[in-house]
Amino acid sequence: RREQALDLPDASIGESGALELLKSIVAKNVIATNFIGMGYHGTLVPGVISRNLLENPGWYTAYTPYQAEISQGRMESIINFQTLVSELTGMEVANASLLDEGSAGAEAMAMIARTVNSKTKNQFFVSEKVHPQTIDLMKLRAHYFGMELIVGDHHSTDFKSMNKLCGALVQYPD
């Protein structure tokens, strides 16, 4: 337990005073380089995205009293993202995961497997440059889909000779 009393401002500080105090405390933070690696890269978020999505409570608060979680906002943002990608690329479908990169890779593999005859096309290729956690998850999912996951060098692989291949995953940047 703390031996001394907390040094807190009195109630006369008000909301604007509290915000100023918080800004002065936050200004002391040091922004350092992130060395986590393995697919977790620092990014620059454009101001319009930050203002309209990340700072908009409509995306992360419950829309209904019985839904006390952020899932509705996440689902809506994912469908908006998928729609945007489809419109920008002209593709018929776009896939975005609610989870992590490994799950997104496995979902992409499953989506492709469902669109082809999986009895004749049951192989899926993954570049060896893909992050190991993604390859591990895809191996697990491929087993349960009844697919053969081939991990190799995408530069030297002869894809034309792979008659049972239904799709491939290559990471950028590798």
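The structure under discussion appears in the preceding block.
Here's a quick rundown of the structure.

Rules used throughout
Residues numbered from 1 in each chain as written. Predicted model: local features only at pLDDT ≥ 70, side-chain atom pairs only at ≥ 80, totals over all residues. Heavy atoms only, no water. Patch = residues over 30% accessible without salt bridge, like charges linked within 9 Å, V, L, I, M, F, W, Y side chains within 5 Å. Areas by Shrake-Rupley, 256 points an atom, 1.4 Å probe, with all protein chains shown as cover. Salt bridge = Lys/Arg side-chain N within 4 Å of Asp/Glu carboxyl O. Helix = DSSP H or I, 4+ residues; strand = E, 2+ residues; numbered from the N terminus. Core = buried A, V, L, I, M, F, W, Y, C linked by side-chain atoms within 4.5 Å. Buried < 20%, exposed > 50% of the residue type's maximum accessible area, 1.4 Å probe, protein only. Axes fitted to C-alpha atoms, helices over the stretch in contact; angles between N-to-C directions. Left-handed = near helix turned anticlockwise from the far one by under 90°. Contact = heavy atoms within 4.5 Å. Nonpolar A, V, L, I, M, F, W, Y, C, P; charged D, E, K, R; others polar. Expected span 1.5 Å × (residues − 1). Arc of directions from axis to C-beta.

### Some words on a nonpolar patch on the surface
A cluster of nonpolar side chains, I13, L19, L21, L22 and I25, forms an exposed patch at the surface whose accessible area comes to about 410 Å². Secondary-structure assignment places L19 in helix α1 (residues 14-26).

### A closer look at the nonpolar core
Among the nonpolar cores identified, the biggest contains 12 residues, and these are A106, M109, A113, F124, V126, V130, I135, M138, A142, M147, L149 and C166. Within the residue set of this core, elements represented by two or more residues are α4 (101-115), β1 (123-127) and α5 (132-145).

### Some points on the packing of α4 against α5
In a pair of packed helices, the angle between the axes and the distance between the axes together describe the arrangement. At a minimum axis distance of 8 Å, the contact between α4 and α5 shows a crossing angle of 35 degrees. With respect to the hand of their crossing, α4 and α5 are arranged in right-handed fashion. Residue-level inspection shows E101, G102, S103, G105, A106, M109 and A110 of α4 in contact with α5, the latter providing T134, L137, M138, R141, A142 and F145. Across the contact of α4 with α5, the residue classes tally to 7 nonpolar, 4 polar and 2 charged.

### A look at α4
An ideal rise of 1.5 Å per residue puts 21 Å on 15 residues; α4 measures up with 21 Å between its terminal C-alpha atoms. Residues of α4 that are buried: G102, S103, G105, A106, M109, A110 and A113. For α4, the arc enclosing every buried residue in end-on projection is 160 degrees, short of the 170-degree limit, so these residues lie on one face. Of the surrounding secondary structure, the elements contacted by the buried residues of α4 are β1, α5, β2 (148-152) and β3 (165-169).

Treat this as a map of the structure, not an account of what it does.
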